[in-house]
Amino acid sequence: MIQKGNAMTVITRFAPSPTGLIHLGNIRTALINWLFARVNNGKFILRIDDTDAERSTKEYADKIKYDLDWLGINYDETFDQSSRFEVYAKRFQQLKDSGRVYACYETSEELDRKRKLLSAAGGKQVYDRSALKLTDQQKKDYESEGRKPHWRFLMNSERIEWNDLLKGKISIDLTSLSDPVLIRADGVPLYTFTSAVDDIDYKVTNVIRGDDHTSNTAVQIELINALDECDITFAHHALLQASTGNKLSKRDGVISIESFREQNMEPLAILSLLATIGTSNSIELKKDIKQIIDEFKIETISTSPGRIETDLLNALNKKLVQSLNFIDIKDRLANVDSRIDELFWNSVKGNLSTVEDIKNWADIVFNEDKIDVEDKEFVKQALSVIPAEPWDENTWETWTAEIKELTGRKGKELFLPLREAFTGMKHGPEMKQLIQLLGREKILNRVNI
Ligand code: GLU
């Protein structure tokens, strides 16, 4: 454990397996680790858990980095587990030398059968350690049959206990767990082992991860103790759930960070949601990432699961977009349409849910198409008193007062046909703003009467 008053640098890590797109739940774990490192002036490592070559791809690893970068979660160091096979081999040898691993020859079918028998008998499905009893001759016979051993770690302790930073005191009966396989029959080292080795080698001080890893932690503490001296503080947070209450899944494309980017969600809206969901704080939009860092307190993270409601994200995003000043967003708008100026932005931002929505309004304002008018007579009368330019924010009021006088219309009867005639839309930003964006000539040209 980290000793109080000890000046040890806090080191956390985020260790995704590059086997799919990263989702909100994964990113929340990344964010918590990143924030914990940042508030403690520590170091945050990105470790790519890619020892399983069949399931891992470079493409997914790159996407994970892209997503983190896009969100502003920067890492101080990164490495791929696939670059460390030699280190794992050495550590494995160390365990072999100390008699803490044993060769097993069961095929997966044989193991399956054992598990079924145990479960039919109503017992726990714990590996029976029968490989420990194999004689040298039996092992040789297996090998001459062409079988290759997989290797299990011999867990000695009956119980592992730790003080979890989030869940408090945890005590796990190791005899209720199977000795973990560390090396597969094809020689590939497995997660339980490689993660323990890396956490030691990279001097990780705090492992913060989902509570689906709680029993892994017991096994890994036993493993870490067998390998080295090392004090790691563990913390297990509740996993986020889908709005249905189901587990979030990587296969669930709709909650991937990539999909939110494609829906034009702003990184800060996502970070604001993830920093507050599943905590004792209320979900709200943060001003910037600095505020998120300043307010972060690991103890506010709840041990009961938070639910992802995409509506919440949409609401935060909308609030964020509508709070942006032209100066904050000028460059992005210039990429959408160089004619969007401050007046344009201020006029339409109240009608946007995403920044990209402005494209629709740019199209409505700037297009050269004619608009078919239903209420031709009325619109004609309105245009007969169209004021001369320059226009300002009082023009609409003066103009409509005159139309009212001329036609006797008022309220919706007066405003809606004009909105439709000038924009082709039933809803939208305030007309007093819109007419300024359109201008006299455009209005006269576009209405088909
Ligand atoms: N690759 C593991 C996972 O994605 C890492 C878990 C850990 O943080 O140790 O579940």
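About the criteria used
- Residues numbered from 1 in each chain as written.
- Predicted model: local features only at pLDDT ≥ 70, side-chain atom pairs only at ≥ 80, totals over all residues.
- Heavy atoms only, no water.
- Helix = DSSP H or I, 4+ residues; strand = E, 2+ residues; numbered from the N terminus.
- Expected span 1.5 Å × (residues − 1).
- Buried < 20%, exposed > 50% of the residue type's maximum accessible area, 1.4 Å probe, protein only.
- Arc of directions from axis to C-beta.
- Contact = heavy atoms within 4.5 Å.
- Phe/Tyr/Trp six-rings, centres within 6.5 Å; stacked < 30°, edge-to-face > 60°.
- Lys NZ or Arg CZ within 6 Å of the ring centre and 35° of its normal.
- Salt bridge = Lys/Arg side-chain N within 4 Å of Asp/Glu carboxyl O.
- Core = buried A, V, L, I, M, F, W, Y, C linked by side-chain atoms within 4.5 Å.
- Pairing = 2+ DSSP bridges.
- Axes fitted to C-alpha atoms, helices over the stretch in contact; angles between N-to-C directions.
- Parallel < 35°, antiparallel > 145°, perpendicular 65-115°, else oblique.
- Left-handed = near helix turned anticlockwise from the far one by under 90°.
- Nonpolar A, V, L, I, M, F, W, Y, C, P; charged D, E, K, R; others polar.

Draft legend 1. Broad picture of helix H3 (residues 85-97). When the terminal C-alpha atoms of H3 are compared, their 18 Å separation across 13 residues agrees well with the 18 Å that a helix rising 1.5 Å per residue should span. Turning to H3, its buried residues number three or more, namely Tyr88, Arg91, Phe92 and Leu95. Along H3, the residues classed as buried sweep out an arc of 105° about the axis, all on the same side. Seen from the buried face of H3, the exposed residues on the opposite side, beyond 90 degrees, are Glu86, Lys90 and Asp97. The inward-facing, buried residues of H3 abut strand S4 (101-104), strand S5 (150-153), strand S8 (181-183), helix H6 (191-201) and helix H7 (214-227).

Draft legend 2. Fine view of the side chain of His237. As for its position among the elements, His237 is in strand S10 (residues 233-237). On the accessibility criterion, His237 (2% relative accessible area) is buried. Each residue touching His237, except ones within four places of it in the same chain, is listed here: Arg28, Thr29, Ile32, Leu166, Ile208, Arg209, Gly210, Asp211 and Ile301.

Draft legend 3. Examining the packing of aromatic side chains more closely. Considering all chains together, one arrives at 11 aromatic pairs under this definition. On the numbers, 5.4 Å between centres and 20° between planes, the contact of Phe344 with Phe366 is stacked. Residue Phe344 is located in helix H13 (residues 342-348), and its partner Phe366 is located in helix H14 (residues 358-366); the two are separated by 22 residues in the primary sequence. Side by side, Phe344 and Phe366 carry an identical accessibility label, which is buried. Pairwise contacts between aromatic rings join Trp391, Trp396, Trp399, Phe415 and Phe422 into one cluster. The ring of Trp70 carries the charged tip of Arg261 above its face, separated from the ring centre by 5.0 Å. Against the face of Phe378 rests Arg409, its NZ or CZ located 4.0 Å from the ring centre.

Draft legend 4. Here's a closer look at the pattern of salt bridges. Per the counting criterion, the structure on display carries 34 salt bridges. Put simply, Arg184 and Glu54 hold a salt bridge, and the shortest N to O gap is 4.0 Å. Taken as a pair, Arg184 in the loop between S8 and H6 and Glu54 in the loop between strand S2 (43-48) and helix H2 (58-71) lie far apart in primary sequence, 130 residues in all. Residue Asp337 is joined to Arg339 by a salt bridge in which the shortest nitrogen-to-oxygen separation is 3.0 Å. Here Asp337 falls in the buried class, since its relative accessible area comes to 14%. Among the charged side chains, a network of salt bridges with common partners joins Arg13, Arg47, Asp49, Arg84, Arg91, Asp198, Asp199, Asp201 and Asp228.

Draft legend 5. The nonpolar core, seen in detail. If you look at the biggest cluster of nonpolar residues, it comprises 87 residues, and the most contacted ones within it are Ile73, Ile270, Phe344, Trp345, Trp399, Leu418 and Phe422. It is helix H1 (residues 24-39) that provides the largest number of residues to this core, a total of 9 residues. Dropping the residues within four chain positions of it, Ile270 is found in contact with Leu24, Trp70, Leu71, Ile257, Phe260, Met265 and Leu313. Ranked by size, the runner-up nonpolar core spans 42 residues in total, among them Ile11, Ile45, Val101 and Ile232.

Draft legend 6. Representation of the pairing of strand S6 (residues 159-164) in the model. Because side chains alternate across S6, one face comprises the buried residues Ile160, Trp162 and Asp164, and the other comprises Arg159, Glu161 and Asn163, none of which is buried. Both S6 and strand S7 (residues 168-173) contribute to a ladder of 6 bridges, which runs antiparallel. Looking across to S7, one finds that Arg159 is bridged to Asp173. Hairpin connection from S6 to S7: 3 residues lie between these consecutive antiparallel strands.

Draft legend 7. Here's a closer look at the packing of helix H16 (residues 395-407) against helix H17 (residues 411-423). Between H16 and H17, the least distance of the axes is 11 Å, while the angle of their chain directions is 120°. One element, H16, and the other, H17, form an angle in the oblique class. Relative to H17, the crossing made by H16 is right-handed. Within the contact between the two elements, H16 uses Trp396, Trp399, Thr400, Ile403 and Lys404 and H17 uses Leu414, Phe415, Leu418 and Phe422. Class assignment for the residues of the contact of H16 with H17 results in 7 nonpolar, 1 polar and 1 charged.

Draft legend 8. Looking closely at the sheet that holds S8. With antiparallel pairing, the 3 strands of this open sheet are ordered in space as S4-S5-S8. The open sheet has two edge strands, S4 and S8, and neither has a second partner. Taken pair by pair, the neighbouring strands of this sheet meet at an average axis angle of 45°, ignoring direction. Bridge analysis of S5 against S8 gives 2 bridges, and the strand direction is antiparallel.

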